[in-house]
Amino acid sequence: MDRNRLDLLIQKYIDRTATPAEEEALNSWYRDFSGEADPFPMTDAQEAAAGQDIHVYLAARIQRKKRPSLALFASLAAACLLGTFLYINWSKKPENTNLVANIPAAASENRFIYLPDSSKVVLHPGSKIDYQQNGSNRVVTLEGEAYFDIASHPAQPFIIHTGRVSTTVLGTSLNIKTWSTDSVSVSVISGKVQVTDARQQKTILTPNQQVVYNQHTNNIQQVKIIPASVIAWAKSDMQFQDMPYGQLAERLDRRYDVNIVFKNPALQHCPITGRFSGTESLNEVLDILSQTMGTTYTINGRTVELDGTACFNQIN
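Residues numbered from 1 in each chain as written. Predicted model: local features only at pLDDT ≥ 70, side-chain atom pairs only at ≥ 80, totals over all residues. Heavy atoms only, no water.

Peer 1: Let's hear about the packing of helix α6 (residues 245-256) against helix α7 (residues 282-293): which residues, and what values?
Peer 2: With their axes 12 Å apart at the nearest point, α6 and α7 run at an angle of 165° to one another. When the interaxial angle is binned, α6 and α7 end up roughly antiparallel. Seen from above, α6 lies across α7 with left-handed handedness. Across from Tyr245, Leu248, Leu252 and Tyr256 in α6, the residues of α7 making contact are Leu282, Val285, Leu289 and Met293. Of the residues that constitute the contact of α6 with α7, the class distribution is 8 nonpolar, no polar and no charged. (Axes fitted to C-alpha atoms, helices over the stretch in contact; angles between N-to-C directions. Helix = DSSP H or I, 4+ residues; strand = E, 2+ residues; numbered from the N terminus. Parallel < 35°, antiparallel > 145°, perpendicular 65-115°, else oblique. Left-handed = near helix turned anticlockwise from the far one by under 90°. Contact = heavy atoms within 4.5 Å. Nonpolar A, V, L, I, M, F, W, Y, C, P; charged D, E, K, R; others polar.)

What follows is the structure, encoded as structure tokens:
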């Protein structure tokens with residue numbers, strides 16, 4: 001089970017909105033792992049910090065309920081156990097993790113990618129990334145254009161190499177583009193980054209700033225930007241008007257590299273109108289579609305099954 005799906009199930013369990021099938025999926029996942037040794041043991045200090053974080057979270061949840069029910073306490077206790085397990089297993093990463101992804105220039109959809117460190121990437125057609133992770137750095141080599149929403153791991157700087165430019169961040173969202181050997185542009189949507197050119201000249205960028213580096217002259221130009229216009233390409237394939245659900249499913253198949261099937265085939269003909277930012281995860285998209293269409297979904301590996309009453313509702 002992927003981490004995004006697991007996080008969603010845990011939250012639904014805490015909020016008491018999980019369906020019986022979702023509760024069983026969560027219980028099944030927990031049973032599968034409950035007998036395994038912890039591959040990433042924490043120090044006493046890390047365990048204490050995790051316990052304090054969980055205590056604060058539970059206190060906040062309980063404070064919102066004047067007289068919590070026994071069922072709520074049971075849900076919180078289960079969340080505490082699962083939260084501790086997740087903290088232990090995801091507070092550290094394997095020493096060597098890598099991922100290579102590319103999308104053909106002829107593709108009609110962008111590609112959404114989860115990196116092993118939980119960072120999100122939207123890759124433009126014709127682009128390629130090579131991600132490598134070791135104990136001290138997370139390093140990406142990019143060809144083409146990509147939007148990054150980088151998970152914050154202060155002990156592991158995230159470095160993006162693009163042509164003769166390298167961009168270093170700790171946790172931020174940005175857009176990087178290099179379609180030729182002429183120039184590289186780095187645009188910051190949120191957070192702060194440091195751009196280093198071939199002469200080792202460093203430029204600090206904050207939100208709504210962009211640098212364009214000429215790789216022939218080594219000239220670097222810094223300008224103000226409107227973020228929405230810079231990342232407009234990321235949502236170009238996630239806006240649709242009266243599109244049959246089946247056609248949208250094919251688009252999502254290619255974008256998220258999954259296989260969507262309909263338990264109720266009649267759903268394929270339901271028209272959908274929607275507008276997304278283009279940076280949402282698959283679960284976020286499916287949650288919104290399910291809520292507005294009155295449908296449900298389950299994910300098993302790379303297979304997504306949709307079910308529900310045909311044309312129960314439409315997105316406005």
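Continuing now.
Peer 1: Which residues make up the environment of Val186, and what values do they have?
Peer 2: Considering the arrangement of structural elements, one finds Val186 in strand β9 (residues 183-190). Classification of Val186 as buried rests on a relative accessible area of 1%. The spatial distance from the C-alpha of Val186 to the C-alpha of Thr162 is 9.6 Å, given a sequence separation of 24 residues. Once residues lying within four places of it in the same chain are set aside, the contact partners of Val186 are Thr167, Leu174, Asn175, Ile176, Val195, Leu205, Gln209, Gln210 and Val211. (Buried < 20%, exposed > 50% of the residue type's maximum accessible area, 1.4 Å probe, protein only.)

Peer 1: Which residues make up the nonpolar core, and what values go with them?
Peer 2: If you look at the biggest cluster of nonpolar residues, it comprises 33 residues, and the most contacted ones within it are Tyr245, Leu248, Leu252, Tyr256, Leu289, Val304 and Leu306. The set of elements that each furnish at least two residues to this core consists of β14 (239-244), α6, β15 (259-262), α7 and β18 (303-308). If you look at the next biggest cluster of nonpolar residues, it comprises 28 residues, including Val121, Phe148, Ile150 and Val193. (Core = buried A, V, L, I, M, F, W, Y, C linked by side-chain atoms within 4.5 Å.)

Peer 1: Let's hear about the confidence of the model for the protein: which residues, and what values?
Peer 2: Residues of the protein with pLDDT of at least 70 account for 72%, and the chain-wide mean is 78. A low-confidence stretch, residues 34-49 (pLDDT under 50), is modelled with 16 contacts involving residues beyond four sequence positions or located in other chains. Long-range and interchain partners of residues 312-316, a stretch whose pLDDT sits below 50, account for 14 contacts in this model, where long-range means more than four residues apart. (pLDDT = per-residue confidence, 0-100.)

Peer 1: Can you break down the packing of aromatic side chains residue by residue, with the values?
Peer 2: Tallied over the full model, the rule gives 6 aromatic pairs. Between Tyr131 and Phe158, the aromatic rings sit 6.2 Å apart at their centres with planes inclined by 40°, giving tilted as the arrangement. Here the residue Tyr131 occupies a position in strand β4 (residues 128-133), and Phe158 occupies one in strand β6 (residues 158-162), the gap between them amounting to 27 residues. Neither residue differs from the other here; Tyr131 and Phe158 are each classed as buried. Between Tyr245 and Phe262, the aromatic rings sit 5.5 Å apart at their centres with planes inclined by 80°, giving edge-to-face as the arrangement. Here the residue Tyr245 occupies a position in helix α6, and Phe262 occupies one in strand β15, the gap between them amounting to 17 residues. Of the two residues, Tyr245 and Phe262, neither departs from the other in class, the shared state being buried. Among the aromatic residues, ring-to-ring pairing joins Phe112, Tyr114 and Tyr256 into one connected group. (Phe/Tyr/Trp six-rings, centres within 6.5 Å; stacked < 30°, edge-to-face > 60°.)

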